[in-house]
There are 4 protein chains.
Amino acid sequence: MVIVMKPQCSKEDIAGVENFLKKLNLGVHISEGSERTIIGVIGDKRLLADAPLELMSGVDRIVHIVEPYKLAGRTFKPENSVIRAANAEIGGNRIAVIAGPCAVESEEQIISTARFLKEQGVTFLRGGAYKPRTSPYSFQGLEEGGLRILAQARKETGLPVVTEAVSTKSLELAAKYADVIQIGARNMQNFNLLQEVGRMKVPVILKRGLSATIEEWLSAAEYIMNEGNYNIILCERGIRTFETYTRNTLDLSSIPAVKELSHLPIIADPSHGTGRWRLVTPMSRAAIAAGADGLLVEVHPCPKEALSDGPQSLNFDSFAGLMKDIHKIAAIVGREI
Amino acid sequence: MVIVMKPQCSKEDIAGVENFLKKLNLGVHISEGSERTIIGVIGDKRLLADAPLELMSGVDRIVHIVEPYKLAGRTFKPENSVIRAANAEIGGNRIAVIAGPCAVESEEQIISTARFLKEQGVTFLRGGAYKPRTSPYSFQGLEEGGLRILAQARKETGLPVVTEAVSTKSLELAAKYADVIQIGARNMQNFNLLQEVGRMKVPVILKRGLSATIEEWLSAAEYIMNEGNYNIILCERGIRTFETYTRNTLDLSSIPAVKELSHLPIIADPSHGTGRWRLVTPMSRAAIAAGADGLLVEVHPCPKEALSDGPQSLNFDSFAGLMKDIHKIAAIVGREI
Amino acid sequence: MVIVMKPQCSKEDIAGVENFLKKLNLGVHISEGSERTIIGVIGDKRLLADAPLELMSGVDRIVHIVEPYKLAGRTFKPENSVIRAANAEIGGNRIAVIAGPCAVESEEQIISTARFLKEQGVTFLRGGAYKPRTSPYSFQGLEEGGLRILAQARKETGLPVVTEAVSTKSLELAAKYADVIQIGARNMQNFNLLQEVGRMKVPVILKRGLSATIEEWLSAAEYIMNEGNYNIILCERGIRTFETYTRNTLDLSSIPAVKELSHLPIIADPSHGTGRWRLVTPMSRAAIAAGADGLLVEVHPCPKEALSDGPQSLNFDSFAGLMKDIHKIAAIVGREI
Amino acid sequence: MVIVMKPQCSKEDIAGVENFLKKLNLGVHISEGSERTIIGVIGDKRLLADAPLELMSGVDRIVHIVEPYKLAGRTFKPENSVIRAANAEIGGNRIAVIAGPCAVESEEQIISTARFLKEQGVTFLRGGAYKPRTSPYSFQGLEEGGLRILAQARKETGLPVVTEAVSTKSLELAAKYADVIQIGARNMQNFNLLQEVGRMKVPVILKRGLSATIEEWLSAAEYIMNEGNYNIILCERGIRTFETYTRNTLDLSSIPAVKELSHLPIIADPSHGTGRWRLVTPMSRAAIAAGADGLLVEVHPCPKEALSDGPQSLNFDSFAGLMKDIHKIAAIVGREI
């Protein structure tokens, strides 16, 4: 941590900060510049707790040098983490493809989709039984009935299941039926939910919040890891910007950025990231080319009849085309599917 | 709802959409323009559920004409709502001032603050017992112990209490001890929490999400109202933008905008909105001048020692100055404190 | 400047940076923390020119401690600047009101507006003769003919004139006819235009760019000042965010922020800032309450017939109401009109 | 265009709008919904000029159905445009690679870079002689001297040259020496410059503005095309968002989006898009995978000594690796280099 003093600060101001830090047994390095004095702080910053040093006399601002997360960082664990879920892995050499409809609507819809996806060689079936919707008047999901249908599809096809939890209660149920729990973008800073899923051992897909920086996203992962659950897969799903043509702005540069900062695997969701099915295949190719460990794609047997997110869902034909493209791109980046 | 057809769509495409809508007993108005055909849909749009009309052949896009919320809108209730909480009101002629420290730290801190605020004529005491913090290593609040201290302060001063709930469990406890529940920015789309507080009768301060449009914010209010709780106070607390000098960008234009769109009262939080205590007083004046029904301000007996949000907290002297300014501005906009 | 080294950097890396800096006669302070080494750089940073220190072995990142502008900063000039233009001042005790239509459309429109504004006690007449429009098919302004009409209005009413320049040619003409030149938001980083206006002595209103941070805005002012023209008035006119209800997001917190960082006067433009005339009066009140030195407001004798920006223009009655409100707010913040 | 009336509008309001439109010889379709009346307008909207219909009694808002650009749109020209520049093409089957240093610094730097790039098979040499820099104290370019060096490099290697123009004067000079003119992000809405380059025949690379929507970007292209110059190449270079880890947020979804909306070729600039050289190669792969017609990449013989943008420049080894990757990705999307 570096404390930047104001240009006009007094010697007493500097001494005041120095004494405060020394009382906490923190090391102090004072560096008098031509325009500013800066004070480097050495030692365990947790001793400072949340002390608002900005308010001490003569202090202009604080610059944090060390990132706020630890367990999620590459410094803590230099090699890539590989997350195991059922019979599959995410973060290893194989690209993981997680596909299925936005919402579980009926047994027929899920079973037919799962069979098709199994043939296509996907890794996981996804489907939402609890849907966080902007309007209370939109379809909210089949809840436990939907989870049962997903479990049935797994039984028939062997595909492990990913589903979203939105609350304590849905988390308990989802963990009972599914192999991987998804924490959605709107819950990325629902710290209570993060802690609860952190106390489980279930693998977690942690979506990036709509307005979350990469640092905040890794800090959200830290919440889960700090409770003991290290099985985290990050998912870039687009951030909110001023652009309105796409539903969100899919920030693919977060993929190589996360690879630098963290050991956790990262996948991309081009369906929510763009909100337009025509953009899903090119952006899926781009995500794999950028180094993503997998994809999360919305597929529906008949997008026109989907109860949720139809405009961004691929039909079976389009998805088969996507899989072909991905196979080729994977080879170029030294991966396989 | 207006369906905009593609420039090159066929007569069959138009007929296809028309027939689909008529089957649902919806009225149809077709308007052939020089470049585009547009189709107006008349009747109860809920019959459409979430049908993805964008995917029908020849359809370019859908334009929604009616806002997605109803109970929260001015059309539903033209006159301003006045929310009663304990012995106070928000949304009437009096400006409500809600003040106190970010976090409850100790009995002494809260009682001394409450006594000072009572003298200053504030309407509510605020203090957080459950703190949503970006890092798991930051102070997370005293939990039920903090709530008890707030209740004690109310007993001694008569000031009703506002506190934040972050989960089902904290909501139950907060509702037991406090007069008004705050739903924070990070939980604005925690729909499960919104529904739970919607089933209570307790007044709710609903903060705007970091990246929420006004429409999404009013839709979040709709979630609460749809469960039966109409006692909602909206709180503008800044949105996330590219600017980094301030912690958030306090969007004061949302105040007159919400006054046009909704009957619900709206207050402003210049402490979180700016993150800098020197900006809190000018932005408080500005909020009242813009038409806010109240303020939510962080005050701490000694901001330098605050465990949370010290840099944006006012000390007692600064707060007393703010109250003087607000009194004068209130008079100009035809209000009192 | 602080150089943050990577956690795993070697002693040679640190020595490499140290030697590089010493060769440039810069002072070096090395501070070995528990997790990171940081290197403080002391002396004239211009010696570094734009050397990309980030690329030296072992360097993680550079933290700039001193702001990139100098002449525009409070450190350079602690007292407020008061800009004189014709018979008026901006930045002193009087609030400056600059009003008029977005575009000059006809002599009749401008003369009648100017007479009305003169009666209302405004300080400057504004009107655009060169209009930067998003579409090439929109009305682009009357050019020199428009400037002549403005000069005519000044002659008849005595009101000094503000008008926008968008290019070298329009700058020369505008400076010939007008008292103050406006540089619009889209040209805030048209560095060539900034330098040209910097070589003149004419007062300049420098609007904030749509996506400019406060630091970039002050750096744009520095471009003008670096050429010798210190007569700059900053104008907050809203930034681009994800919110679509308003045309821009008027960032009123930039007003007290600029007052801290700079000695230059700052005014607000609630017409472009909101894009909706109903929000103009409340946001004008808010701007003055926040400490603005003036307002720039669009007024049109008949907004329904305006060729540009009608929806955000006030008619005469609404503007008269605004002036009354502003008079009262000014008194509270110790100013007059 | 659709005019949405207010819920409580009167019959007179509707008749007022109808009469106004009919006087202009525009067709009118009135559609009375259950909650709102909407009015479709048929005919040449230019007859409306910029009439602010929003201000007519009873009108709530206007929804534009037809995009504001015409010449730049796919409807106007369904097949892809291929832009010819010197001996090269952009937008055809071959991927165009435009590479070189951010700024021209010396003859030696440019000639050695050009020779290397020629060997690598790039299509164009780039280098800036006029640099738009945020601070007036940063290196501003060698101006005409730099252009002469670029021309010299072309003579020696045969590589056609791309360089940026920032003003009328630099445009004239740049057009004299270079094969393609770049209009930078900060000048995307410098409409005067767009019109001037529109009156030339030189191919133009039009970078997306920092806060420009795709629609505004295509409208900027329309400014150039409206003057007669159809030789436009769009360049995605990242937009400004709240994320600070990257310099900008490279919006790769704009590539397939522009391909849907426009016939113009589009390339990507991952150097400015990310600001970090380690991200340039993965994002280059991603851009080509998403369908880009080319890349604009910063390459420097010794990035550590670059006078501008060193941290985002590739050295020769890294660039050679990038070219290998791009060759392979191009094949997968049916392109070649």
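Small disclaimer: the values here were computed from a predicted structure and weren't measured. (Residues numbered from 1 in each chain as written. Chains lettered and ligands numbered in written order. Predicted model: local features only at pLDDT ≥ 70, side-chain atom pairs only at ≥ 80, totals over all residues. Heavy atoms only, no water.)

A. Structural context of the sheet that holds strand β2 (residues 27-32) of chain C. All names here are of chain C. Pairing within the open sheet is antiparallel, and its four strands lie in the order β2-β3-β1-β4. Two strands in the sheet have a free side with no partner beyond their single neighbour: β2 and β4 (59-63). With direction set aside, neighbouring strand axes in the sheet form an average angle of 20 degrees. Where strand β1 (residues 2-5) meets β4, four bridges bridge the pair, whose relative direction is antiparallel. Bridge pairing in β4 places M5 opposite V59. (Pairing = 2+ DSSP bridges. Helix = DSSP H or I, 4+ residues; strand = E, 2+ residues; numbered from the N terminus. Axes fitted to C-alpha atoms, helices over the stretch in contact; angles between N-to-C directions.)

B. Structural view of helix α1 (residues 11-23) of chain D. Residues and elements named next belong to chain D. Between its first and last C-alpha, α1 extends 18 Å over 13 residues, near the 18 Å set by a 1.5 Å rise per residue. Every buried residue of α1 is accounted for by D13, I14, V17 and L21. Burial along α1 is one-sided: seen end-on, the buried residues are contained in an arc of 100 degrees. The outward face of α1, more than 90 degrees from its buried face, is lined by the exposed residues K11, E12 and K23. Buried residues belonging to α1 abut β1 (2-5), β2 (27-32), β3 (37-42) and β4 (59-63). (Expected span 1.5 Å × (residues − 1). Buried < 20%, exposed > 50% of the residue type's maximum accessible area, 1.4 Å probe, protein only. Arc of directions from axis to C-beta. Contact = heavy atoms within 4.5 Å.)

C. The sheet that holds strand β1 (residues 2-5) of chain B, seen in detail. All names here are of chain B. Pairing is antiparallel in the open sheet, where four strands are placed in the order β2-β3-β1-β4. Strand pairing shows two members of the sheet lacking a second neighbour, β2 (27-32) and β4 (59-63), which therefore form its edges. Direction aside, the axes of adjacent strands within the sheet are offset by 20 degrees on average. As judged from the six bridges shared by β2 and strand β3 (residues 37-42), these two strands associate in the antiparallel manner. In the sheet register, E32 faces β3, and the bridge partner there is T37.

D. Local environment of the relation of the copies chain A and chain B. Laying chain A over chain B is done by rotating through 180 degrees and shifting 0.0 Å along the axis; what remains is an RMSD of 0.0 Å. Taken together, the rotation angle and the small translation identify this as a two-fold axis. Across chain A, the smallest distance between a C-alpha and the rotation axis is recorded for S211 of chain A, namely 3.0 Å. Both copies share a contact surface, since 100% of the interface residues of chain A are interface residues in chain B too. (Least-squares fit on C-alpha atoms with pLDDT ≥ 70 in both.)

E. Structural context of the interface of chain A and chain B. At the junction of the two partners, chain A supplies 46 residues and chain B supplies 46 residues. Both faces combined, the contact of chain A with chain B buries some 3,900 Å², and carbon together with sulfur accounts for 53% of it. For the interface between chain A and chain B, the tally reads two salt bridges. The tally of links from chain A across to chain B stands at 15 residue pairs in polar contact (both at pLDDT 80 or more). (Buried area = accessible area lost by both parts, 1.4 Å probe. Salt bridge = Lys/Arg side-chain N within 4 Å of Asp/Glu carboxyl O. Polar contact = N/O pair within 3.5 Å; in protein donor to acceptor, adjacent residues only side chain to side chain.)

F. Expanded view of the packing of helix α7 (residues 254-261) of chain A against helix α9 (residues 277-290) of chain D. One can describe the packing of α7 of chain A onto α9 of chain D by two numbers: an axis separation of 9 Å at closest approach and a directional angle of 135 degrees. The angle between α7 of chain A and α9 of chain D falls in the class oblique. Relative to α9 of chain D, α7 of chain A is oriented so that their crossing is right-handed. Contact residues: P256, A257 and E260 of chain A in α7 of chain A; R278, L279, P282 and M283 of chain D in α9 of chain D. Per-class residue counts for the contact of α7 of chain A with α9 of chain D are five nonpolar, no polar and two charged. (Parallel < 35°, antiparallel > 145°, perpendicular 65-115°, else oblique. Left-handed = near helix turned anticlockwise from the far one by under 90°. Nonpolar A, V, L, I, M, F, W, Y, C, P; charged D, E, K, R; others polar.)

G. Expanded view of the interface of chain D and chain A. Of the residues lining the interface, 36 residues belong to chain D; the matching set on chain A comes to 36 residues. Between chain D and chain A lies a buried interface of about 2,900 Å² when both sides are counted; carbon and sulfur atoms form 71% of it. Its largest share of buried area at the contact with chain A, chain D owes to F242, Y245 and I332 of chain D, together 22% of the area lost on that side. Our enumeration of links across chain D and chain A arrives at four salt bridges.

H. Fine view of the environment of M1 of chain B. Residues and elements named next belong to chain B. Checked against the element boundaries, M1 lands in the segment before β1. Judged by its relative accessible area of 12%, M1 falls in the buried class. When the C-alpha atoms of M1 and A103 are compared, they prove to be 46 Å apart, with 102 residues separating the residues in sequence. Those residues in contact with M1 that sit more than four places away from it in its chain are I39, G40, V41, K45, L48, L53, I62, V63, H64 and I65.

I. Layout of the packing of helix α9 (residues 277-290) of chain B against helix α10 (residues 316-332) of chain B. Residues and elements named next belong to chain B. Following both chains from N to C, one finds α9 and α10 inclined at 15 degrees, their axes separated by 9 Å at the closest point. In this view, α9 runs roughly parallel relative to α10, as classed from their interaxial angle. The interaxial crossing formed by α9 with α10 has right-handed handedness. Touching W277, V280, T281, S284, R285, I288 and A289 of α9 are S318, L322, D325, I326, I329 and A330, all from α10. Of the residues assigned to the contact of α9 with α10, the class counts are eight nonpolar, three polar and two charged.

J. Highlighting unusual backbone geometry. Its identity as a non-glycine residue notwithstanding, A86 of chain A has a phi of 50 degrees, on the positive side. Relative to the helices and strands, A86 of chain A is located in the loop between β5 (83-85) and β6 (88-90).

K. Highlighting the domain arrangement of chain A. According to the domain assignment, chain A consists of domain 1 (2-63) and domain 2 (83-332). Summarising the inter-unit geometry, the C-alpha centres of domain 1 of chain A and domain 2 of chain A are found 45 Å apart. (Domains from an automatic or database assignment.)

L. Main features of the relation of the copies chain D and chain A. Rotating chain D by 180 degrees about the axis while translating it 0.0 Å along that axis superimposes it on chain A, leaving an RMSD of 0.0 Å. Mapped onto chain A, 100% of the interface residues of chain D again fall at the interface, so both copies present the same surface.

M. Here's a closer look at the confidence of the model for chain A. A residue-level look at chain A finds 99% of positions with pLDDT of 70 or above and a mean pLDDT of 93. Across the assembled chains, the prediction reports ipTM 0.93 with pTM 0.94. (pLDDT = per-residue confidence, 0-100.)

N. Just the packing of aromatic side chains, in detail. Using the criterion set out here, one finds twelve aromatic pairs over all chains in the structure. When the ring of F191 of chain A is compared with that of Y223 of chain A, the centres are 4.5 Å apart and the planes differ by 25 degrees; the resulting orientation is stacked. Residue F191 of chain A is located in helix α5 (residues 191-198), and its partner Y223 of chain A is located in helix α6 (residues 214-226); the two are separated by 32 residues in the primary sequence. By relative accessible area, F191 of chain A is classed as buried at 6%. Residue classification places Y223 of chain A among the buried residues on the basis of a relative accessible area of 1%. Where F116 of chain B meets F319 of chain B, the ring centres are 6.2 Å apart and the plane angle is 65 degrees; that geometry is what we call edge-to-face. In this pair, F116 of chain B is assigned in helix α2 (residues 107-120) and F319 of chain B in helix α10, connecting sequence segments 203 residues apart. F319 of chain B carries the same exposure label as F116 of chain B, and that label is buried. The structure contains a cluster of three or more aromatic residues connected by ring pairs, namely F116, F316 and F319 of chain A. Across from the ring centre of Y245 of chain B, 3.7 Å away, lies the NZ or CZ of R276 of chain B, which sits over that ring. (Phe/Tyr/Trp six-rings, centres within 6.5 Å; stacked < 30°, edge-to-face > 60°. Lys NZ or Arg CZ within 6 Å of the ring centre and 35° of its normal.)

O. Spatial organisation of the pairing of β3 of chain B. Residue and element names in this part refer to chain B. Burial within β3 is extensive, with six of its six residues counted as buried. Alternating residues of β3 divide into T37, I39 and V41 and I38, G40 and I42, and every residue in both groups is buried. From the end of β2 to the start of β3, which pair antiparallel, there are four residues.

P. Representation of the environment of A99 of chain B. Its place among the elements puts A99 of chain B in strand β7 (residues 96-100). With near-sequence residues (within four places) excluded, A99 of chain B lies in contact with L117, V122, F124, L125, R126, V297, V299 and F319 of chain B.

Q. Layout of the pairing of strand β9 (residues 161-165) of chain C. Residue and element names in this part refer to chain C. Within β9, five of the five residues are buried, which leaves it mostly tucked inside the rest of the structure. Burial along β9 is two-sided: V161, T163 and A165 and V162 and E164, pointing in opposite directions, are all buried. Direction of pairing for strand β8 (residues 124-126) relative to β9: parallel, over a ladder of two bridges. Its bridge partner lying in β9, L125 is registered against V161. Two strands pair when backbone bridges link them, and β9 and strand β10 (residues 180-183) are joined in this way by four bridges, in the parallel orientation. Residue pairing for β10: A165 is matched across the bridge by I183. In terms of handedness, the path from β9 via helix α4 (residues 168-177) over to β10 forms a crossover that is right-handed. (Right-handed = clockwise from strand over helix to strand, strands pointing away.)

R. Quick peek at the pattern of salt bridges. All names here are of chain B. For the coordinates displayed, the defined rule picks out 84 salt bridges over all chains. With its nearest N and O atoms 3.4 Å apart, the salt bridge here joins E227 to R199. In this pair, E227 is assigned in the loop between α6 (214-226) and β12 (232-236) and R199 in the loop between α5 (191-198) and β11 (204-207), connecting sequence segments 28 residues apart. A relative accessible area of 29% means that E227 is categorised as partly exposed. Assessed through its relative accessible area of 54%, R199 is described here as exposed.

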